[in-house]
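So the chains spell out like this:
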Amino acid sequence: MRISAAVSGALAVLLLVLVAVGWSPLLSFDRDVAEALHRSAVAHPGFTHLNRILTDWVWDPWTMRALVLVMVGLLLRRRAWPLALWVAGTSLLAWGLQQGLKSLVDRPRPQWPDPVDSARYASFPSGHAMTATVTFGLLLWVLALYWRETWRGWGTIAGVAVVSVLGVGWTRLYLGVHWPSDVLGGWLFGWCCVAVAIDAYRRLAARTPTRARTAPPVGKA
């Protein structure tokens, strides 16, 4: 997981620098893709409406935050207090990082004479993409820790997670409210947050002896 965190973090920072300095090949690619998708969105209002439903309700950041609250609640019910706090803290720190990056880069969103949707705040990174990546990454981790061996729906939920993370990025592009590099940045920074959180939690757990490890067996004190 440390390698994954390092690689995703390095790629995310590289992309951040390229966006910040306005690297011409990247900006040209962003513009070409955005223009092609916008033409399609204008020409297919029915499909565009479906994308708006998905991005505004199914994969909206508030929906993702509600999912995090459900995860935290289930962990608290199992009395997994440290992990519950870790999941909540990771989600909050990722949100803070996202907002900080938006303010730092302050990248304008695509502008269209005939927009099919609108969005506020700066463009890089995509908040929808980053929030979905963090949320589903944490969800898969929690499921792997507690329910993977007993729950037959693991493969289904993993598939839903992948489709959701990729799908929300697609909706932001198709609706013309983000550049492709915004979405890629959201995915990279989001996964980096998840990988760092998992690795740090494992390190902390390995260094913190539990009562089960230190207490003598009952009746053999």
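Residues numbered from 1 in each chain as written. Predicted model: local features only at pLDDT ≥ 70, side-chain atom pairs only at ≥ 80, totals over all residues. Heavy atoms only, no water.

Peer 1: Would you mind showing me how to read the packing of helix H7 (residues 154-174) against helix H8 (residues 180-207) here?
Peer 2: Helix-helix packing: each pair is described by the crossing angle between the helix axes and the interaxial distance. For the pair H7 and H8, interaxial distance at closest approach is 9 Å and the crossing angle is 155 degrees. One way to sum up the angle between H7 and H8 is to call them roughly antiparallel. Between H7 and H8 lies a crossing whose hand is right-handed. Taken together, the residues of H8 that come into contact with H7 (itself represented by Val 165, Leu 166, Gly 169, Arg 172 and Leu 173) are Pro 180, Val 183 and Trp 187. Partitioning the contact of H7 with H8 into residue classes produces six nonpolar, one polar and one charged. (Axes fitted to C-alpha atoms, helices over the stretch in contact; angles between N-to-C directions. Helix = DSSP H or I, 4+ residues; strand = E, 2+ residues; numbered from the N terminus. Parallel < 35°, antiparallel > 145°, perpendicular 65-115°, else oblique. Left-handed = near helix turned anticlockwise from the far one by under 90°. Contact = heavy atoms within 4.5 Å. Nonpolar A, V, L, I, M, F, W, Y, C, P; charged D, E, K, R; others polar.)

Peer 1: How should I be thinking about unusual backbone geometry in this particular structure?
Peer 2: Note: most peptide bonds trans; most residues except glycine with negative phi. With an omega of -10 degrees, the peptide bond between Phe 124 and Pro 125 qualifies as cis. Along the chain, Pro 125 turns up in the loop between helix H5 (81-105) and helix H6 (127-146). The phi dihedral of Arg 79 is positive, around 65 degrees, even though this residue is not glycine. Here Arg 79 lies in the loop between helix H4 (61-77) and H5. A positive phi angle, near 50 degrees, is found at Asp 106, a position not held by glycine.

Peer 1: Even after reading the chapter, I still don't get the confidence of the model for the protein chain, so can you show me in this structure?
Peer 2: It should be kept in mind that the predicted coordinates are not to be read in detail where pLDDT is low. In the predicted model, the protein chain carries a mean pLDDT of 92, and 93% of its residues have values of at least 70. The low-confidence segment residues 211-221 (pLDDT under 50) makes five contacts with residues lying over four places distant or belonging to another chain. (pLDDT = per-residue confidence, 0-100.)

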